[in-house]
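Residues per chain are reported as follows:
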Amino acid sequence: MAAYIEPKVLKGFRDFLPDAEIVRRSLIENIENSCRSFGFLPIDTPAIEYAEILLGKSGGETEKQIFRFKDNGERDVALRFDLTVPFARFVALHRADLVFPFKRYHIGKAWRGENTQRGRYREFIQCDFDIIGSDTPSSDFEIILLIRAVFKNLGVDVNINVNHRGLFNRFLANIGQSEKSVEILRAVDKLSKVGEDKTRESLTELTGDANANKIIKFIGAKGDFKEILEQITELSGGACAESQRLTLLREYMRDACEDEDGEPFILNPSITRGLDYYTGVVFETFLKEMPDIGSVCSGGRYDNLAGLYSKEKDSISGVGTSVGLDRLLAALESLNKLPAANKCKTAVACIDGEKSGKYQALAQKIRKEGVPCEVFTDPCGEKNMVKQFVLAEKKGFQYVIIPSEDDSTVTLRDLSARQNIEMTLENLIKKIK
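The model shown is predicted, which means the values in this text are computed figures rather than measured ones. (Residues numbered from 1 in each chain as written. Predicted model: local features only at pLDDT ≥ 70, side-chain atom pairs only at ≥ 80, totals over all residues. Heavy atoms only, no water.)

Caption draft 1: Geometry of unusual backbone geometry. Put simply, Phe100 and Pro101 share a cis peptide bond, and its omega is -5°. Within the element layout of this structure, Pro101 appears in the loop between α4 (84–93) and β5 (102–111). Even without a glycine there, the phi angle at Arg418 is positive, about 55°. For Arg418, a relative accessible area of 51% translates into the label exposed. (Helix = DSSP H or I, 4+ residues; strand = E, 2+ residues; numbered from the N terminus. Buried < 20%, exposed > 50% of the residue type's maximum accessible area, 1.4 Å probe, protein only.)

Written as structure tokens, this is what we have:
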């Protein structure tokens, strides 16, 4: 006899029971529908890549968190830690087969060996959408507008914070701190987590007290979009291509959202995104009713990321974002705003096992009308219908259809009302719908 093996799940990993998984899939479907409404196309990539592919340009904190190992062929491989880097490899490999600008979305699992906390796990689902092969302000804006559409379709109010990494880099050059830009960017990126005092301490260690004060002034600029843009442009040395792009984005926002009061998006100079591959406009999205949970959707422009995997001389510019599904689910659950689960609510009773074919035929007629319908498989006999009513209630069903010898009518059991109603199949479908 085999030894007992304790059933357990690794820390940071989870099982999903049907009720939770139905809600998760409903959320994914909502996001997918939003992406398709903008003309974005789905792709998929392997969960495991060569480690050199994934670590090509990320490094830093990412390298510490990656699940990396040798496979049976002694190859150095790793689980993908996001969907953007595999996408860059995908574009370089399939460049001849794609039509640019290429608009994609990708919903799949990723893995990071980080500390677990509410809404953050070691195995998680990301929902990414990108435009690659276009370096225009309008492509930046379309991603931001799609973010807005995704959350509107979910019935959730958000603040979309935008900034420009290039303008921040220009500011750092203006104060003579370009060589430390990577460390400074990562320190600033942690502002919302550790607060201004600790951020100032980190910046003082990196740049000295005077420069730390200048950086705090830059990332802490106040006012509306236009006022903040004027302040950070001046601190960066004056008007430039980066400030002009932000000016254009504001114009696009006003044109596309002219029916709304106030600014639909927020210019936030402290949004820098810690990963090295971002080079242009960046953005993070926060729930208005629960900002403390952190960004639920973030991304930006990553010029020529695909070039790392390509011998082609011309660069391929990209812009995209990622929705953190697990963090979003945790927040929506707390706000009681989870999407309605489209569960099967109707079942056909199995009275006589020899008539299962007829029961399935009845269910097929109902399904053809767009109504999900389960058929019970274990016969109960006419005298034991209560057993199937109890089973249906445990499964959360609303109706049980009791077939009759006469195919023209059926009996519909309304479980909440504890009533049986005889009716035609046509009227039954109308009632269930």
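Continuing now.
Caption draft 2: Quick look at the sheet that holds strand β4 (residues 76–79). One open sheet holds the 3 strands; their spatial order is β2-β4-β3, and the pairing between them is antiparallel. Strands with a single pairing partner mark the edges of an open sheet, and in this sheet they are β2 (48–50) and β3 (68–70). Each strand of the sheet is rotated relative to its neighbour by a mean of 40°, with strand direction disregarded. Pairing of β2 with β4 involves 3 bridges; the strand directions are antiparallel. The residue of β4 that forms the bridge with Tyr50 is Val77. (Pairing = 2+ DSSP bridges. Axes fitted to C-alpha atoms, helices over the stretch in contact; angles between N-to-C directions.)

Caption draft 3: Geometry of helix α16 (residues 425–432). The complete set of buried residues in α16 reads Leu425, Leu428, Ile429 and Ile432. Buried residues of α16, viewed axially, fall in a sector of 95°; they line one side. Residues of α16 that are exposed and point over 90 degrees away from its buried face: Glu426 and Lys430. In the core, the buried residues of α16 are packed alongside β12 (346–348), α14 (356–367), β14 (399–402), β15 (409–414) and β16 (419–424). (Arc of directions from axis to C-beta. Contact = heavy atoms within 4.5 Å.)

Caption draft 4: Representation of the nonpolar core. In this structure, Phe129, Phe151, Phe168, Ile215, Leu287 and Leu328 are the most contacted members of the largest nonpolar core, which totals 66 residues. Counting residues per element, this core draws most heavily on helix α5 (residues 137–153), at 7 residues. Apart from residues no more than four positions distant in its own chain, Leu287 is found in contact with Phe151, Val156, Asp157, Val158, Val296, Leu328, Ala331 and Leu335. (Core = buried A, V, L, I, M, F, W, Y, C linked by side-chain atoms within 4.5 Å.)

Caption draft 5: Highlighting the sheet that holds strand β11 (residues 318–324). Spatially, 8 strands are ordered β1-β5-β6-β11-β10-β9-β7-β8 in an open sheet, and the strand pairing comes out mixed. Two strands lie at the open edges of the sheet, namely β1 (41–42) and β8 (265–267), each paired on one side alone. Relative to β5, β1 runs parallel, the two sharing 2 bridges. From the neighbouring strand, Pro42 faces β5, where its bridge partner is Tyr105. The strands touched by helix α1 (residues 18–37) within the sheet are β1, β5, β6 (123–132) and β11, with β5 carrying the most contacts at an inclination of about 160°. Strands β7 (158–164) and β8 of the sheet are contacted by helix α11 (residues 225–235), whose axis makes an angle of about 25° with β8.

Caption draft 6: Structural detail: the pattern of salt bridges. One pass over the structure, following the stated rule, counts 24 salt bridges. Residue Arg104 pairs with Asp130 through a salt bridge whose shortest N-O separation is 2.6 Å. Taken together, the residues Arg104 in strand β5 and Asp130 in strand β6 connect sequence positions 26 residues apart. Judged by its relative accessible area of 0%, Arg104 is buried. Glu405 serves as the salt-bridge partner of Lys355, at 2.6 Å between the closest nitrogen and oxygen. With Lys355 in the loop between β12 and α14 and Glu405 in the loop between β14 and β15, the pair connects residues that are 50 residues apart, well separated along the chain. Among the charged side chains, a salt-bridge network with shared partners connects Asp135, Asp140, Arg245, Arg301 and Asp303. (Salt bridge = Lys/Arg side-chain N within 4 Å of Asp/Glu carboxyl O.)

Caption draft 7: Up close: the packing of aromatic side chains. Scanning the entire structure with this criterion turns up 10 aromatic pairs. Ring geometry for Phe141 against Phe265: centres 6.5 Å apart, planes inclined by 90°, an arrangement best described as edge-to-face. Of this pair, Phe141 sits in helix α5 while Phe265 sits in strand β8, placing them 124 residues apart in sequence. Assessed through its relative accessible area of 1%, Phe265 is described here as buried. Ring centres of Phe376 and Phe397 lie 6.2 Å apart, and the angle between their planes is 15°; this geometry places the pair in the stacked category. A residue pair is termed long-range when its members are at least 10 positions apart, and Phe376 in the loop between β13 (374–375) and α15 (385–394) and Phe397 in the loop between α15 and β14 qualify at 21 residues. Taken as a pair, Phe376 and Phe397 share a single burial class, namely buried. Members of the aromatic cluster, connected to one another through ring pairs, are Phe87, Phe90 and Phe102. Sitting over the face of the ring of Tyr121, Arg14 holds its NZ or CZ atom 3.5 Å from the ring centroid. (Phe/Tyr/Trp six-rings, centres within 6.5 Å; stacked < 30°, edge-to-face > 60°. Lys NZ or Arg CZ within 6 Å of the ring centre and 35° of its normal.)

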